[in-house]
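A structural walkthrough
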Amino acid sequence: MLLAPLSLRGSFPYSLFYHFPRAFKRQSTLKPATTFHKVIPLCNSFMQNHVLLGINLAGFSNTAVSHAFDEFPVQENEENSKGFDFFHIMEERGIRANFQTYLWLLEGCLNSGSLVCGQKLHGKILKLGFDSEHVLCDRIIDFYIAGGDLDGAVKVFDDMHSRSVSSWNKIINGLGVNKWSGRVLGLFCRMIAENVNPNETTFAGVLRACSGGNVAFQYVEQIHARIIYHGFGASTLVCNLLIDLYSKNGFIDYAKKIFDRLYLKDSVSWVAMMSGLSQNGHEVESILLFCQMHTSGIAPTPYIFSSVLSACTKIELFEVGEQLHGLVFKGGFSSEMYVCNALVTLYSRSGNLISAEQIFSTMRYRDRVSYNSLISGLAQCEFSDRALELFKKMQLDCLKPDCVTVASLLSASASVGALHTGRQLHSYAIKSGMSSDIILEGSLLDLYVKCSDIDTAHEFFLTTETENVVLWNVMLVAYGQLGNLSDSFEIFRQMQIEGMIPNQFTYPSILRTCTSSGALDLGAQIHTQVMKTGFQPNVYVCSVLIDMYAKLGKLDTALQILRRLTEKDVVSWTAMIAGYAQHDMFAEALKLFEEMQNQGIRSDNIGFSSAINACAGIQALNQGRQIHAQSCVSGYSDDLSINNVLVSLYARCGRIEEAYLAFEKIEDKDNISWNALISGYAQSGYCEEALQVFAQMNKAGVEVNLFTFGSAVSAAANLANSKQGKQIHAMILKTGYDSETEISNVLITLYAKCGSMDDAKREFHAMVEKNEVSWNALITGYSQHGCGIEALHLFEEMKRLGMMPNHVTFVGVLSACSHVGMVNEGLGYFKSMSKEHGLVPKPEHYVCVVDLLGRAGFLSRARKFIEDMPIKPDAMIWRTLLSACIVHKNMEIGEFAARHLLELEPEDSATYVLLSNIYAVSGQWDSRDRTRQMMKDRGVKKEPGRSWIEVKNSVHAFFVGDRLHPLADKVYEYLGELNKQAGEIGYVQDRYTLLNDVEQGQKDPTVHIHSEKLAIAFGLLSLSNTIPVRVFKNLRVCNDCHNWIKYVSKISNRAIVVRDTYRFHHFEGGICSCRDYW
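Residues numbered from 1 in each chain as written. Predicted model: local features only at pLDDT ≥ 70, side-chain atom pairs only at ≥ 80, totals over all residues. Heavy atoms only, no water.

Describing the environment of Arg863
How we decide: Secondary structure elements are defined from DSSP: runs of H or I of at least 4 residues count as helices, runs of E of at least 2 residues count as strands, and each element is numbered from the N terminus.
Among the structural elements, Arg863 can be located in helix H50 (residues 859-867). A sequence separation of 34 residues divides Arg863 from Ala897, and the C-alpha atoms of the two residues are 8.7 Å apart.

Brief notes about the pairing of strand S4 (residues 1056-1059)
Within a regular strand, the side chains alternate between the two sheet faces. Which entries qualify depends on this criterion: The buried label goes to any residue with under 20% of its type's maximum accessible area, the exposed label to any with over 50%, and the partly exposed label to all in between, with areas taken from a 1.4 Å probe on protein chains only. Being paired, for any two strands, means DSSP has found at least two bridges between them. Crossovers are marked right-handed if the path from the first strand over the helix to the second runs clockwise, as seen with the strands pointing away from the viewer.
In S4, alternate side chains face the same way, and those of Ile1056 and Val1058 on one face and Val1057 and Arg1059 on the other are all buried. Inspection of the sheet shows strand S3 (residues 1029-1033) paired to S4 by 4 bridges, in the parallel sense. The partner of Arg1030 across the bridge, within S4, is Val1057. Since S3 and S4 lie parallel, the crossover through helix H58 (residues 1039-1052) that links them has a hand, and here it is right-handed. With 4 bridges joining them, S4 and strand S5 (residues 1064-1068) adopt antiparallel strand pairing. Looking at S5, one finds that Val1058 is bridged to His1065. Hairpin connection of S4 to S5: 4 residues between the antiparallel strands.

Some remarks on the sheet that holds S4
The cut-off we apply is this: Pairs of residues are marked as contacts when any of their non-hydrogen atoms sit within 4.5 Å. For helices, the fitted line uses only the C-alpha atoms of the stretch in contact; every axis is such a line through C-alpha atoms, and the angle between N-to-C directions lies from 0 to 180 degrees.
Pairing is mixed in the open sheet, where 6 strands are placed in the order S2-S1-S3-S4-S5-S6. Strands with a single pairing partner mark the edges of an open sheet, and in this sheet they are strand S2 (954-959) and strand S6 (1071-1072). Sitting on the sheet, H58 is in contact with S4, S5 and S6, with an inclination near 35° to S5.

Section: the pattern of salt bridges
What counts, and what does not: The working definition used for a salt bridge is a side-chain nitrogen of Lys or Arg within 4 Å of a carboxyl oxygen of Asp or Glu.
Tallying each qualifying case throughout the model produces 22 salt bridges. With a closest N to O distance of 3.6 Å, Lys799 and Glu796 form a salt bridge. Note that Lys799 and Glu796 are positioned in helix H46 (residues 788-800) at a spacing of 3 residues, about one turn of the helix. Using a relative accessible area of 27% as the deciding quantity, one classes Lys799 as partly exposed. When salt bridges with common partners are traced through the structure, they connect Arg625, Arg655 and Glu658 into a single cluster.

Some thoughts on the nonpolar core
Operational definition: Definition used in this section: a nonpolar core is a set of buried Ala, Val, Leu, Ile, Met, Phe, Trp, Tyr and Cys residues joined via side-chain atoms within 4.5 Å.
Grouped together as the largest cluster of nonpolar side chains are 271 residues, with contacts concentrated most on Ile171, Ile223, Ile526 and Leu881. Among the nonpolar cores identified, the runner-up in size contains 30 residues, and Ile949, Ala968, Leu978 and Phe1067 belong to it.

Thoughts on the environment of Met596
Within the secondary structure, Met596 sits in helix H34 (residues 586-598). Here Met596 falls in the buried class, since its relative accessible area comes to 0%. Counting along the chain gives 23 residues from Met596 to Trp573, while the straight-line C-alpha distance between them is 7.1 Å.

What about the side chain of Ser603?
Put simply, the rule is: N or O atoms within 3.5 Å of each other form a polar contact, as long as, within protein, one can give a hydrogen and the other can take it, and as long as residues adjacent in sequence are counted only when both atoms are side-chain atoms.
Mapped onto the secondary structure, Ser603 falls in the loop between H34 and helix H35 (605-617). On the basis of relative accessibility, which here comes to 8%, the residue Ser603 falls in the buried class. Within the structure, Ser603 has its side chain in polar contact with the backbone nitrogen of Phe608 (distance 3.3 Å). Contact partners of Ser603, with chain neighbours within four places excluded, come to Val570, Phe593, Met596, Phe608 and Tyr636.

Focus on H35
We count it as follows: By this rule the span expected of a helix is its residue count minus one, scaled by 1.5 Å.
Taking 1.5 Å per residue, 13 residues should reach 18 Å; H35 reaches 18 Å between its end C-alpha atoms and fits that length. All of the buried residues along H35 are Gly607, Phe608, Ser609, Ser610, Ala611, Ile612, Ala614, Cys615 and Ala616. Against the buried residues of H35 lie helix H33 (570-582), H34, helix H36 (621-633) and helix H37 (640-652). Measuring from the side-chain oxygen of the N-cap residue of H35 to the backbone nitrogen of Ile606 gives 3.3 Å; that N-cap residue is Asp604. Taken from the residues just after H35, Gln619 is the one with a positive phi, measuring 55°.

Side note on helix H52 (residues 891-904)
The end-to-end C-alpha distance of H52 is 20 Å, a good match for the 20 Å that 14 residues give at a rise of 1.5 Å each. For H52, every residue scored as buried is listed here: Met891, Ile893, Gly894, Phe896, Ala897, Ala898, Leu901 and Leu902. Looking at the buried positions of H52, the neighbouring elements they touch are H50, helix H51 (875-888), helix H53 (909-921) and helix H54 (925-937). Of the residues that open H52, the one with a side-chain oxygen 3.4 Å from the backbone nitrogen of Glu892 is Asn890.

Comments concerning the side chain of Ser509
Here Ser509 shows up in helix H29 (residues 506-517). Judged by its relative accessible area of 8%, Ser509 falls in the buried class. What Ser509 contacts, discounting residues up to four positions off in sequence, is Asn473, Leu476 and Val477.

Okay, here's the thing in structure tokens:
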């Protein structure tokens, strides 16, 4: 519906004219004077006409008439002075000037810039009554507008007897140019009310005023309706301004409709539409529109190139920008300053500083934007020295740096930690009066924060007067970097007390601090405020919330937030995937990664690395390789984070050669690369290789961190290499990591696995802060060493101090009960898991209970317990029951367990060995032989028994009946002496338990000497009497060897520690720490 002719009167009454602000920047000078080319010739013609009439002009005197104008400035244009002199001659001769004469004189004043002359002429015009001539009044209005006297122009306009459309246009355009948008709209309303029909020039002036002033957009829409009503809806001049206005106010769809309906488009139309699209986040459409214009044969202008190049820069389509550079060169615009500025910005942002500097150096004219673009590019690439040199050159070129210049230099200083340079720039900003600028305040605060000068940052923050939420956000980030949750939250609280409204960047800043500090409860409270303030739909805020909940273990809450997102945000998805991988929920991580791809969301490097890490966690080598291939196709083949996790994938899957090759392919290795290889080797059982890589890392001079030490100590612990473990411990003390809780935890495990519980206890009690892992490590150590009572006492102490036990804790507690035969206590602890602590038992807990019952001889109860389990029994549960049946020679339940075990793991040699042994101890030799034959037929090979002992920094390994050792003869000779001495005090050898009568007569007795006996004999021969003999075996110690070691410890008066696959045995004085219960 078209707007009624007077529909704007309600919005803009006459009084509105006086209410709009009148402030404007008064121009001090007019345009330079030009030749007064009209007055003299016309006046000559006028004089000639009067001469023909017989008028005598001979008596006219210049000096006489010039006296009246002695107030005029001496420096006025000479020709203009002559014109005024001749005007006085005319007056003295009685020749009355008409309005045309005054019009010519006003033209001279307008061209010469003489405000005083013009005002005097205006006085004469009013005195002689020529103010009724609207042409003359129009020129007077032009004069006052040009001189910056807008009030004078308005007064002339108001006093006019009749006003043409041209008069209205002059005053509207004059006021609009000087940003008097309120008065322009008031005049426009008055024009409509006086029934003056505006033309396209009128509407263009009004729209320009709206564009330059703070005008409510509803008025623009009403003006647009008027434009259509008066038939100018297709005017190119008017539509170009409408496109610009709609675009600047965010109504890009309306702008596109106006552009599409415009029949005659000029270069300004295309520029307005392209700029509008780019400003509203539609950069791709802007570039496509340029392509459409180019293919239509329309020649682009410098402004068009500048606009489309800026669009390419914003969305980082640098290759397209380089192609446009070719068109710029072809079109002959390579010397245009606006185009060159856009090109410098393009190349600077892309990191191609060579091209940026080349274009900059060839520019004929440079403005402040030219310098700022290159300085910003140099700062972005951390070339702070070159940026400062350009800053000095800018000043030599008489261009005053602005806030953008200094802000870019501050950014460069902050990125390289150049605090001294930043302070100098701060001083320059103060001297130049720019320090209170909102951009500079943020840059200065950011400088001090990034340079870790938080005290100065806080002092500067307190001096700022601008109510700028950005400054508060920077301070939140500052305290977040320090992990200072209390100060960070105090800033967050104080900003709200002072009335500052948090924005979409405030919440992520404080939430990240909650994440790093583990403050889940506080983070949840802030989440509540996020919902109250309406930021719940914000993608950026949601991504940080997902990251917080995922990292702090609230994966269900994180997933709920992800599911509520309406936008497909890759950061949110990858945060969720990384959270699953971090909490060892590898299957869920990979499932979500697949779902993300199915929804068309392209993964970033974080998503790919998290997915490959999940594959490493479940040793899904082929799937990990496929995801790595996808990452390469997506352009991440050289990404360091992906290559690091690829090393971890191969290492954890046992592909040590491929892992090392992947490691070697990384050009810029960081400590994460080394850590990935070390931890991968350690976790896949290649602990010796892990320690070798650790040694290489130290030789290479790579900085070792907390994670490195943790992996290296774990590798030493798995090898029970106490000597190397102690060496690493010494490095930890030297580098100051001994105060870290995680390091102390792995050291407790190291000493426990190396059989040194005294060192483990010492490390535990020296800890300043203990977590549940610390308690679990010592409880498990006590359990492995058969110190069940100590383990249970420690568990009760843990609960008394308020530490919450977890699944690992109960594995240690149940194992401790099993190793010392505390059946009832163990069953009570198992029931308390769910009843008192809310923990659902896992398979490993059921294994502990079966072991607890089986060791104590309650095999029937163990079988019933398995049958009543809420989960399906796995191979470990059946293997545990079968082992107990061998000890207690229970054939029936043993065969029952073996059948289930063979169904689950038909390729496992331990099952056949255990079944064969139970037949042997029961005397069923035929069944034993059938089991062994079945093992051969299926190609299953038994893992040979092997024992290790470290002597004088060398590890010596022995197999059953081993004669390959260089000192084998001495070892066997000494072993014979030990057997003899042991026999004298009661030892009876039981080497034939698993052999029938025929085999006992055929076999060489030395063939059956187990590896631990050989290792112990070698240790007694080689080690000092004060050093305990420590032996490690890959299989369970048999009854005969266990009995033999007790006697040997007594006759040798030596402490002997044997670690098998089940536990530690401490032998001393003929007694074992297990009390013969293992």
